[in-house]
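# Descriptive analysis of the structure
Chain by chain, the residues run as shown.
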Amino acid sequence: MNILDKLKWRYAVKKFDSERKLSDEKLNILKEAFNLTATSYGLQPVKLLIIENKQLKEELVTHSWNQRQVADASHLLVFCIHRNVDALYIKTYFERVKHVRNTPDEILDPFRNYLIDDFGSKDQQEVDDWAIKQAYLVLGNLLTVCAAEQIDSCPMEGFVSEKYDELLDLPKKNLKSVLVMPVGYRAADDMFADFKKVRKELSEAIEEII
Ligand SMILES: Cc1cc2nc3c(=O)[nH]c(=O)nc-3n(C[C@H](O)[C@H](O)[C@H](O)COP(=O)(O)O)c2cc1C
């Protein structure tokens, strides 16, 4: 299959095969792809929780508009934003740059100071909004990687973030859940698998300016 065929094969799965598990190899591809996703300034303000625990997934269904995908999928990915993108967080990022690339402080200082000032001038909502955009980017990247790897998935906004946060004890870790994505394998009788894709015509969706 070429990449377009793989993207056509992908759909938002409504019914997963609860007996089929992702291999460690596939799971590792998702972990690496998550971490390789581009983020604004490279600050990676998104944390990925990977939940396999059956009982916990069942509990989360109630807080996911009763969407069974959350429990039946092999693993549930929960995308969380870091709510502590402060001077310390930014300094830690630059320490990593220094360690990996051996970049001297005098080269890093102007950008580091700029980011510390810039983020310091934003309120929590502004920083959260910025981080949430990064979470959507990560989700989009993983959707495509799943398709390329023949892993089924369902991108989901349909859940109660506050309930997830409570159940997963996220505020204590300065995290907030913003998106979820069950991953695994489609059930043989998921009727949505055969539905035709509904999309605008390319000529309507895209305008080329020559
Ligand atoms: C950000 C986002 C949130 C979504 N939330 C849900 C959801 O909560 N439940 C669900 O079944 N599908 C959800 N979807 C799936 C969309 O309905 C689906 O992608 C769209 O109808 C196109 O269909 P396709 O992905 O099967 O091609 C979501 C998709 C996106 C991108």
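Above this note sits the structure.
Note that this is a predicted model, so its numbers are computed, not measured.

Further remarks concern helix α5 (residues 87-101). Between its terminal C-alpha atoms α5 stretches 21 Å, which fits the 21 Å expected from 15 residues at 1.5 Å a residue. Taken together, the buried positions of α5 are occupied by Y89, I90, Y93, F94 and V97. Viewed end-on, α5 has its buried residues packed into an arc of 135 degrees, placing them on one side of the element. Opposite the buried face of α5, by more than 90 degrees, sit the exposed residues L88 and H99. The secondary structure elements touched by the buried residues of α5 are β2 (75-82) and α6 (105-120).

Quick look at unusual backbone geometry now. Even without being glycine, N66 reaches a positive phi, approximately 55 degrees. With respect to the secondary-structure elements, N66 resides in the loop between α3 (54-61) and α4 (69-72). Classification of N66 by relative accessible area gives exposed; the value is 55%. Even without glycine at this site, Q150 takes up a positive phi of about 60 degrees.

To continue, consider the environment of Q150. Mapped onto the elements, Q150 comes out in the loop between α7 (124-148) and β3 (152-153). On the basis of relative accessibility, which here comes to 31%, the residue Q150 falls in the partly exposed class. Along the backbone, Q150 and K31 are 119 residues apart, and their C-alpha atoms lie at a distance of 15 Å. In contact with Q150, other than residues within four places in its own chain, are M1, K6, W9 and Y185.

Turning to the sheet that holds strand β1 (residues 46-51), a few remarks are in order. A sheet is described by the order of its strands in space; here four strands give the open sequence β1-β2-β4-β3, paired in antiparallel fashion. Every other strand in the sheet has two partners, leaving β1 and β3 as the edge strands with one partner each. Where α7 meets the sheet, its contacts fall on β1, β2, β3 and β4 (175-184), and the angle it forms with β4 comes to roughly 10 degrees.

A few words now on the pairing of β4. The buried fraction of β4 is high, at nine of 10 residues. Pairing of β2 with β4 involves eight bridges; the strand directions are antiparallel. Within β4, the residue paired with L76 across the bridge is P182. By the bridge criterion, two bridges tie β3 to β4 in an arrangement that is antiparallel. Residue pairing across strands places D152 opposite G184, the latter belonging to β4.

With their axes 9 Å apart at the nearest point, helix α2 (residues 24-36) and α7 run at an angle of 145 degrees to one another. Between α2 and α7 the crossing geometry is right-handed. Judged by residue contacts, I29, L30, A33 and F34 of α2 engage V138, N141, L142, V145 and C146 from α7. Residue classes in the contact of α2 with α7 are distributed as eight nonpolar, one polar and no charged.

A separate point is the site of the ligand. In the vicinity of the ligand, 14 residues are found, and the nearest of them are R10, K14, Q67, K197 and R199. Note that an oxygen atom of the ligand is positioned 3.0 Å from one of the backbone N or O atoms of G158. Within the side chain of K197, an N or O atom sits 2.5 Å from an oxygen atom of the ligand. With the chains in place, 66% of the 620 Å² that the ligand exposes on its own is no longer accessible.

Moving on to the packing of aromatic side chains. Within the structure shown, the criterion is met by eight aromatic pairs. Plain terms: the ring middles of F94 and F111 are 5.8 Å apart, the flat faces sit at 85 degrees to each other, and that makes the pair edge-to-face. With F94 in helix α5 and F111 in helix α6, this residue pair connects regions lying 17 residues apart in the sequence. In textbook terms, an aromatic cluster arises when at least three aromatic residues are bridged by ring pairs, as seen for Y41, Y93, F94, F111, Y114, F119 and W130.

L43, F79, F119, M181 and V183 are the most contacted members of the largest nonpolar core, which totals 37 residues. Elements supplying a minimum of two residues to this core: α2, β1, β2, α5, α6, α7 and β4. At 10 residues, the largest contribution of residues to this core is made by α7. If you look at the next biggest cluster of nonpolar residues, it comprises 21 residues, including F16, V61, L175 and V180.

Calculation notes
- Residues numbered from 1 in each chain as written.
- Predicted model: local features only at pLDDT ≥ 70, side-chain atom pairs only at ≥ 80, totals over all residues.
- Heavy atoms only, no water.
- Helix = DSSP H or I, 4+ residues; strand = E, 2+ residues; numbered from the N terminus.
- Expected span 1.5 Å × (residues − 1).
- Buried < 20%, exposed > 50% of the residue type's maximum accessible area, 1.4 Å probe, protein only.
- Arc of directions from axis to C-beta.
- Contact = heavy atoms within 4.5 Å.
- Pairing = 2+ DSSP bridges.
- Axes fitted to C-alpha atoms, helices over the stretch in contact; angles between N-to-C directions.
- Left-handed = near helix turned anticlockwise from the far one by under 90°.
- Nonpolar A, V, L, I, M, F, W, Y, C, P; charged D, E, K, R; others polar.
- Near = heavy atom within 4 Å.
- Polar contact = N/O pair within 3.5 Å; in protein donor to acceptor, adjacent residues only side chain to side chain.
- Areas by Shrake-Rupley, 256 points an atom, 1.4 Å probe, with all protein chains shown as cover.
- Phe/Tyr/Trp six-rings, centres within 6.5 Å; stacked < 30°, edge-to-face > 60°.
- Core = buried A, V, L, I, M, F, W, Y, C linked by side-chain atoms within 4.5 Å.

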